[in-house]
There are 2 protein chains.
Amino acid sequence: MPPVVDQTVISSLAIPSDTKIVLLVLDGLGGVPLQPGGMTELETANTPHLDALARDGICGMHDPIGPGITPGSGPAHLAMFGYDPLEHQIGRGALEALGIGFDLHAGDMAARGNFCTVDDAGLITDRRAGRISTEKGSELVGLLRSIELPDVQTFVEPVKEYRFVLVLRGENLTGPLTETDPQRLGIAPLPVMALRPEAELTAALFNQWIALARGILADHRPANMVTLRGLDKNPGLPSMKEVYGLRAAAIAAYPMYRGAARLVGMDVLPTGESVEEEMEALKTHWASYDFFFVHVKKMDSAGEDGDFDRKVSLIEQVDKVIGPAIRQLQPDVVVVTGDHSTPALLRSHSWHPVPVLLYSRHCRSDEVQHFSERECARGALGRFPATEIMPLALANALRLTKFGA
Amino acid sequence: MPPVVDQTVISSLAIPSDTKIVLLVLDGLGGVPLQPGGMTELETANTPHLDALARDGICGMHDPIGPGITPGSGPAHLAMFGYDPLEHQIGRGALEALGIGFDLHAGDMAARGNFCTVDDAGLITDRRAGRISTEKGSELVGLLRSIELPDVQTFVEPVKEYRFVLVLRGENLTGPLTETDPQRLGIAPLPVMALRPEAELTAALFNQWIALARGILADHRPANMVTLRGLDKNPGLPSMKEVYGLRAAAIAAYPMYRGAARLVGMDVLPTGESVEEEMEALKTHWASYDFFFVHVKKMDSAGEDGDFDRKVSLIEQVDKVIGPAIRQLQPDVVVVTGDHSTPALLRSHSWHPVPVLLYSRHCRSDEVQHFSERECARGALGRFPATEIMPLALANALRLTKFGA
């Protein structure tokens, strides 16, 4: 049996240092050729800067969760941050709440909410309430804030258009709970149900809130009802500071990734949406942190749109921008990878392992000449679970001491 | 989780055979290029005999403890012997006692001791008692042997200069315990403290011994006090004979590795320090054992000195000597690897995986032509935990039967 080197072991070996690590996540990076024998998006792209890092660095392929498993973004990011994604299952509600900057406490129950339209019989006729404006959504959220529940605090926060976040805070709240959105028209929203006996009370509180919300919204057609999804608890993960001794910061334009970073205690830095703006943020805050998680979103969206060429072109743009930034800042360790694959061929996240390159002065480079799926599959890091990315990065940054005598 | 093929499973499959296995450990073998794109120590070395074994054998890279973990020598050797190094954490005291040839029993508590100097207020003024001579140290150890404790036997053994080993033997002794060396001057030695309630009695016995030692040493300034470190129990591992059915022997010049071999029940054979003498010992005892652990120390020291060229030259010397010996003895299985990497670049043990070659008549060889980090990284064994070395060696020696029907 392989020895179980879990996060506790890594944490026990962490030592202080002034080295700097950059983890650059190109969302949905991994791809698949459109034709057998063809090239993937990354193989098609001309990426001289990434190729140079791969040449001087060491490469491999990571499985975000495990072979054959298509990961959601939440667990994939947790794994890359070194947290076991199966042990720590995070609801989408908690990620959404964190993503909009809500100060979610350990033990809080969070849900994503949608305004929707129901007919007189209570059956859903529009799951997004005619896509009401963000302004209208915020106004309705204001009304929902008047709802009070026994012994718990409630928080309602607008997100965008018809979306909001609901948080319950109190003693003994717990999941797992079912969702209320039936994902189809013509039937009524489902009740929240407890999937374990100890979650009954929490389910009852959510159902009570929904009933009160329905009363308040009755005259606000098309937004005359709500559905709740991704109801789950903030597990209160130990921070990267506690676990690794790292002052960690996130540079991410999209709420969900900012949320994933907050979950592990990273400071979320202000940034614009473009890679250029993200690199500016990196430079601005360079002196203040040891670890930077930089998230680049757009190639994932191109993959989900099935747009092979756009994904290629976005990869090339990223290459142009990050090359000079990395050369200027000279991090001690650079890791470039994706959180998962999003092949244009599949128009969705996929299970394919994800190319990864690690550059450091001490990395013992391999024979990989180009950053690509084919070459990374032959890289000296081999194929490994994403949870090993942080131990490798920390080791290369000389931030782990020896195990045993 | 992958199926748990632990040592119990391997043990249940072990069958008798008259095949012979040699595990040749070149301490600190793995290296790193001095410049990105350059060659490692092993890649630089001219090693025709090891290359021939690699060509006919199968190669890969092992992680002694886990990716990113820099191993101490103790756990790295336990892993290569097939014992989970995280489950069996061995205190330095036990390894030191075993290393000097002390007949440590299962359940014995062992500690490394230092003579030190304290002033009239009991504060440490010299942690090494002015580096007293080995002769003086032995004389003082003789005095300490007069100490008696209730219900336990005590053993004190000189090591070198100001260092000694203290062993308590009795019922119900257990750790974990804290160390007494404060690692600073100007404060008094710390008391031994139990880190779990069941260790209270053992802590009290050590403290009682220390108090008596202080009385005996009072007039022996500069060695007028002692500190104890690495206090822990010999966990009493099952022997390689019990686990694998192997008559196992160690050929190792350095105490610590002899200690690690004794921990798993190997006979430790007499040998000189040079590789030539070690090969002579191998030939002399060839008929009497099934498994030989041969440990070659010097390249590790060269790595720790940052001496790239000396490490290269030592690897070449080993190649010259072992080639003919292996050809003469014709072991059924030869494994050549290191316990960890010690790159001259880092002047220390490191986390880098370690090249490994396995030669047997049945190994299904791969395309590796030279024994080197780069080629082993592409070898058919892939990258694997060190605990898999023994199952692979036993299988190739036809010493494991089929699992299931």
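Parameters at a glance
- Residues numbered from 1 in each chain as written.
- Chains lettered and ligands numbered in written order.
- Predicted model: local features only at pLDDT ≥ 70, side-chain atom pairs only at ≥ 80, totals over all residues.
- Helix = DSSP H or I, 4+ residues; strand = E, 2+ residues; numbered from the N terminus.
- Pairing = 2+ DSSP bridges.
- Contact = placed C-beta atoms within 7 Å.
- Axes fitted to C-alpha atoms, helices over the stretch in contact; angles between N-to-C directions.
- Nonpolar A, V, L, I, M, F, W, Y, C, P; charged D, E, K, R; others polar.
- Core = buried A, V, L, I, M, F, W, Y, C linked by C-beta atoms within 7 Å.
- Buried ≥ 20, exposed ≤ 12 C-beta atoms within 10 Å, placed from the backbone.
- Least-squares fit on C-alpha atoms with pLDDT ≥ 70 in both.
- Parallel < 35°, antiparallel > 145°, perpendicular 65-115°, else oblique.
- Left-handed = near helix turned anticlockwise from the far one by under 90°.
- Domains from an automatic or database assignment.
- pLDDT = per-residue confidence, 0-100.

Things to note about the overall build of chain A
Inference 1: Scanning chain A for helices and strands turns up 14 helices and 13 strands.
Inference 2: Dimensions along the principal axes, computed over C-alpha positions, put chain A at roughly 65 × 50 × 45 Å.

Some remarks on the sheet that holds strand β8 (residues 248-252) of chain B
Within a beta sheet, neighbouring strands are joined by backbone hydrogen bonds and run either parallel or antiparallel to one another.
Residues and elements named next belong to chain B.
Inference 1: Taken together, eight strands build an open sheet; the order of strands is β9-β8-β10-β1-β11-β12-β2-β13 and the sheet is mixed. Here the strands that pair on one side only, and so sit at the sheet edges, are β9 (267-268) and β13 (382-385).
Inference 2: As defined by bridge partners, strand β1 (residues 21-26) adjoins strand β11 (residues 333-337) across five bridges and the pair is classed as parallel. In the sheet register, Val 22 faces β11, and the bridge partner there is Val 334.
Inference 3: Sheet contacts for helix α10 (residues 275-284): β8 and β10 (291-296); angle to β10, the most-contacted strand, approximately 170°.

Focus: the interface of chain B and chain A
Inference 1: Facing 36 residues of chain B, the contacting portion of chain A comprises 26 residues.
Inference 2: For the side of chain B that touches chain A, the secondary-structure elements that each account for two or more residues are α4 (73-80), α5 (92-99), α13 (373-376) and β13 of chain B.
Inference 3: Looking at the side of chain B that touches chain A residue by residue, the class counts come to 18 nonpolar, eleven polar and seven charged.

Let's talk about the nonpolar core
Inference 1: Formed by 258 residues in total, the largest nonpolar core has its most connected members in Leu358(A), Ala393(A), Leu358(B) and Ala393(B).
Inference 2: Once you skip the residues sitting within four places of it in the chain, Ala393(B) turns out to touch Ile21(B), Leu23(B), Val333(B), Val335(B) and Leu358(B).

Overview of the pairing of β11(B)
Residues and elements named next belong to chain B.
Inference 1: Burial runs high along β11: five of the five residues are buried.
Inference 2: When β11 meets strand β12 (residues 354-360), the two strands line up antiparallel, connected through five bridges. The residue bridging Val 334 from the neighbouring strand is Tyr 359, located in β12.

Considerations on the relation of the copies chain B and chain A
Each of the two chain copies goes to the other by way of a rotation about an axis and a shift along it.
Inference 1: Aligned on chain A, chain B shows an RMSD of 0.9 Å; the corresponding rotation is 121° and the shift along the axis is 0.3 Å. Those values place the two copies in the arrangement expected of a three-fold rotation axis. Of every C-alpha in chain B, the one belonging to Arg378(B) sits nearest the axis of rotation, 3.7 Å from it.
Inference 2: When the interface residues of chain B are mapped onto chain A, a mere 11% of them are again interface residues, pointing to distinct binding faces.

Notes on the packing of helix α10 (residues 275-284) of chain A against helix α12 (residues 308-329) of chain A
Residue and element names in this part refer to chain A.
Inference 1: The N-to-C vectors of α10 and α12 enclose an angle of 10°; their axes lie 10 Å apart at closest approach. The angle between the axes of α10 and α12 places the two elements in the roughly parallel class. Judged by the sense of rotation from one axis to the other, the crossing of α10 with α12 is right-handed. For the pair formed by α10 and α12, the contact residues are Val 275, Glu 276, Met 279, Leu 282 and Lys 283 on the first element and Gln 317, Val 318, Val 321, Ile 322, Ala 325 and Leu 329 on the second.
Inference 2: Looking at the contact of α10 with α12 residue by residue, the classes come out as eight nonpolar, one polar and two charged.

Thoughts on the environment of Glu200(A)
Inference 1: For Glu200(A), the position within the fold is in helix α7 (residues 200-217).
Inference 2: Along the sequence, Glu200(A) and Ser138(A) sit 62 residues apart, while their C-alpha atoms lie 30 Å from each other.

Here's the deal with the domain arrangement of chain A
Residues and elements named next belong to chain A.
Inference 1: As assigned here, chain A comprises domain 1 (10-88 + 238-396) and domain 2 (95-233).
Inference 2: Here the C-alpha centre of domain 2 lies 34 Å away from the C-alpha centre of domain 1.
Inference 3: With eight residues of domain 1 in contact, the opposing surface of domain 2 contributes five residues.
Inference 4: Take the side of domain 1 that touches domain 2: its biggest share by element is seven residues, from helix α9 (residues 255-263).
Inference 5: Of the residues in the side of domain 1 that touches domain 2, the class split is four nonpolar, two polar and two charged.

Re the environment of Ile326(B)
Residues and elements named next belong to chain B.
Inference 1: You can see Ile 326 is positioned in helix α12 (residues 308-329).
Inference 2: The spacing of Ile 326 and Arg 247 is 79 residues in sequence and 19 Å in space, taken between C-alpha atoms.
Inference 3: Beyond its immediate chain neighbours, meaning those up to four positions away, Ile 326 contacts Pro 331 and Val 334.

So, helix α9 (residues 255-263) of chain B
Residues and elements named next belong to chain B.
Inference 1: In terms of residue burial, α9 counts as a mostly covered element, since eight of its nine residues are buried.
Inference 2: Within α9, burial applies to Met 256, Tyr 257, Arg 258, Gly 259, Ala 260, Ala 261, Arg 262 and Leu 263.
Inference 3: Considering only its buried residues, α9 is in contact with α4, α5, β8, β9 and β10.
Inference 4: Trailing α9 by a residue or two, Gly 265 shows a phi angle of about 80°, which is positive.

Overview of the confidence of the model for chain A
Inference 1: Scored by pLDDT, chain A has a mean of 95; 100% of the residues are at 70 or more.
Inference 2: The complex prediction reports pTM at 0.89, with the ipTM value standing at 0.87.

A few points about the sheet that holds strand β9 (residues 267-268) of chain A
All names here are of chain A.
Inference 1: Strand order in the open sheet formed by eight strands is β9-β8-β10-β1-β11-β12-β2-β13, with mixed pairing between adjacent strands. Edge positions in the open sheet fall to β9 and β13 (382-385), since each of these has one partner strand only.
Inference 2: As judged from the two bridges shared by strand β8 (residues 248-252) and β9, these two strands associate in the parallel manner. Looking at β9, one finds that Ala 250 is bridged to Val 268.

Quick look at the packing of helix α4 (residues 73-80) of chain A against α9(A)
Residue and element names in this part refer to chain A.
Inference 1: Contact geometry for α4 and α9: axes closest at 10 Å, N-to-C directions at 40°. It follows from the interaxial angle that α4 and α9 lie oblique. As α4 runs across α9, the sense of the crossing is right-handed. On the side of α4, the interface is formed by Ser 73, Gly 74, His 77 and Leu 78, while α9 contributes Met 256, Tyr 257 and Ala 260.
Inference 2: Among the residues making up the contact of α4 with α9, the classes are represented as four nonpolar, three polar and no charged.

Some points on the environment of Pro75(A)
Residues and elements named next belong to chain A.
Inference 1: Structurally, Pro 75 can be placed in helix α4.
Inference 2: With 23 C-beta atoms counted inside 10 Å, the residue Pro 75 sits in the buried group.
Inference 3: Note: C-alpha distance between Pro 75 and Asp 339 (264 residues apart in sequence) is 9.1 Å.
Inference 4: Excluding its chain neighbours within four sequence positions, the residues that come into contact with Pro 75 are Ile 65 and Pro 85.

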